[in-house]
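Observations on the model geometry
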Amino acid sequence: MYFKKEKVSEIFAEHGGAAKNTGSVEGQVALFTFRIEQLSLHLKTNRKDHACTRALLALVGKRKRLLTYLMSKDIVKYRALIEKLGIRK
């Protein structure tokens, strides 16, 4: 699933510090979270889309690894990010 450049740059500007800072962990986690939400909405109506299910599980794994990395490097940024995104309740 592809998103418009404006939406992606908006996500990185909000969470990564700048729209061009696409390598920041916070920005990548925010983009993965947005993509996970979109895929979850798609799967609610298309339950038998197994390729989408596989992609969703891969994204969740990538996000988990990035969050683990962020937690080991900077716990304050990690806590702020999960609070802002509303994940890990």
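Here's a quick rundown of the structure. Owing to the predicted nature of the structure, the values given are computational and were not obtained by experimental measurement.

Now for the nonpolar core. Val29, Leu67, Leu81 and Leu85 are the most contacted members of the largest nonpolar core, which totals 22 residues. Top element by residues in this core is helix H2 (residues 25-45). It accounts for 9 residues. Contact partners of leucine 85, with chain neighbours within four places excluded, come to His15, Val29, Ala30 and Thr33.

Glancing now at the packing of helix H1 (residues 5-15) against H2. Taken N-terminus to C-terminus, the directions of H1 and H2 make an angle of 135°; their axes are 8 Å apart at the nearest point. With respect to H2, the axis of H1 lies oblique. Once H1 is placed against H2, the crossing between them reads as right-handed. For the pair H1 and H2, contact is made by Lys7, Val8, Ile11, Phe12 and His15 and by Glu26, Gly27, Gln28, Ala30, Leu31 and Phe34, respectively.

Here we come to the side chain of glutamate 26. By secondary structure assignment, the location of glutamate 26 is in helix H2. Excluding anything up to four places from it in sequence, glutamate 26 contacts His15, Leu70, Lys77 and Leu81.

About the thresholds
- Residues numbered from 1 in each chain as written.
- Predicted model: local features only at pLDDT ≥ 70, side-chain atom pairs only at ≥ 80, totals over all residues.
- Heavy atoms only, no water.
- Core = buried A, V, L, I, M, F, W, Y, C linked by side-chain atoms within 4.5 Å.
- Buried < 20%, exposed > 50% of the residue type's maximum accessible area, 1.4 Å probe, protein only.
- Helix = DSSP H or I, 4+ residues; strand = E, 2+ residues; numbered from the N terminus.
- Contact = heavy atoms within 4.5 Å.
- Axes fitted to C-alpha atoms, helices over the stretch in contact; angles between N-to-C directions.
- Parallel < 35°, antiparallel > 145°, perpendicular 65-115°, else oblique.
- Left-handed = near helix turned anticlockwise from the far one by under 90°.

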